[in-house]
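Descriptive structure summary
As a plain string of letters, each chain reads:
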Amino acid sequence: QAQLVESGGGLVQPGVSLTLSCVSSASTFNSDAMSWFRQAPGKERELVASLTATDTRADYADSVKGRFTISRDNAKKTVYLRMNSLKLEDTAVYYCNRGAYIGGGYRPGRVWGQGTQVTVSS
């Protein structure tokens, strides 16, 4: 069974807001740092946002800072990515990842979701 399942993607117009969800089946969720990556056609997978297990630190890629917000609900074992003011450049497959903060930065783990497609088009 899938350990991480993303949902919430879709086809939207520029300027629209969208919220992605990732549900974890891991018993360790409350102690897992979580993150969102994305991969656009012809580009490498990139870290978009990450969040510590204690919900005390969040980091964002410069391209999304001020527009995207990562959050978590431990009771629901879910991590969210709220995306505001979506741009054409945000079009990508978005992936959830379970990892850890090591050496002051987020390090991705081996567990990934299947991805959810976000397409921003006019």
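Reference entry: report on the structure contained in this document.

Reading the values: the criteria
Just so you know, the residues in each chain are numbered from 1, in the order the chain's sequence is written. Restriction of local features to residues with pLDDT of at least 70 applies here, the model being predicted, together with a cutoff of 80 or more for giving and counting side-chain atom pairs; totals for whole chains, interfaces and linings are based on all residues. Hydrogens are left out, water is left out, and the side-chain values use all remaining heavy atoms of the structure. In the sections that follow, a salt bridge refers to a side-chain nitrogen of Lys or Arg positioned within 4 Å of a carboxyl oxygen of Asp or Glu. Here's how the labels work: a residue is buried when its accessible area is under 20% of the maximum for its type, exposed when over 50%, partly exposed in between, all with a 1.4 Å probe on protein chains only. Stacked, tilted and edge-to-face are the three classes assigned to paired rings of Phe, Tyr and Trp, where Trp is represented by its six-membered ring and a pair needs centres within 6.5 Å; plane angles under 30 degrees give stacked, over 60 edge-to-face, the rest tilted. Helix and strand definitions here come from DSSP, where helices need a minimum of 4 consecutive H or I residues and strands a minimum of 2 consecutive E residues; each element is numbered from the N-terminal end. Two strands pair if DSSP finds at least two bridges between them. For helices, the axis comes from a line fit to the C-alpha atoms of the stretch in contact; other axes are also lines fit to C-alpha atoms, and the angle between any two N-to-C directions lies between 0 and 180 degrees.

Quick look at the pattern of salt bridges
Within the structure shown, the criterion is met by six salt bridges. R57 is the partner of D59 in a salt bridge, and the nearest nitrogen-oxygen pair spans 2.9 Å. Measuring nitrogen to oxygen at the nearest pair gives 3.6 Å for the salt bridge that ties D62 to K65. K65 matches D62 in its accessibility class, with the two residues each being exposed.

Observations regarding unusual backbone geometry
Phi angles above zero are rare outside glycine, and D55 is one such case at about 65°. Despite not being glycine, K77 shows a phi value in the positive range, around 50°. Its relative accessible area of 26% is what places K77 among the partly exposed residues.

Considering the packing of aromatic side chains
Geometry of an aromatic ring pair is reported as the spacing of the ring centres plus the angle between the planes. Within this structure, the stated rule accounts for three aromatic pairs. Summarising the aromatic geometry, the rings of F37 and Y106 are spaced 6.4 Å apart at their centres and angled 50° between planes, so their arrangement reads as tilted. Highlighted residues: F37 in strand β4 (residues 33-39) and Y106 in strand β10 (residues 105-112), separated in sequence by 69 residues. In this structure F37 comes out as buried when scored by relative accessible area, which is 8%.

Observations regarding the pairing of strand β8 (residues 78-83)
Bridge count between strand β3 (residues 18-24) and β8: six bridges; the pairing is antiparallel. Residue pairing for β8: C22 is matched across the bridge by V79. The turn joining strand β7 (residues 68-73) and β8, which pair antiparallel and follow one another in sequence, is formed by four residues; a positive phi near 50° is taken by K77.

Some remarks on the sheet that holds strand β1 (residues 4-7)
Read from one edge to the other, the open sheet built from four strands follows the order β1-β3-β8-β7, with strand pairing classed as antiparallel. Edge positions in the sheet fall to β1 and β7, since each has one partner strand and no second. Neighbouring strand axes in the sheet, compared pairwise and without regard to direction, differ in orientation by 15° on average. Both β7 and β8 contribute to a ladder of six bridges, which runs antiparallel. Of the residues in β8, the one forming a bridge with T69 is R82.

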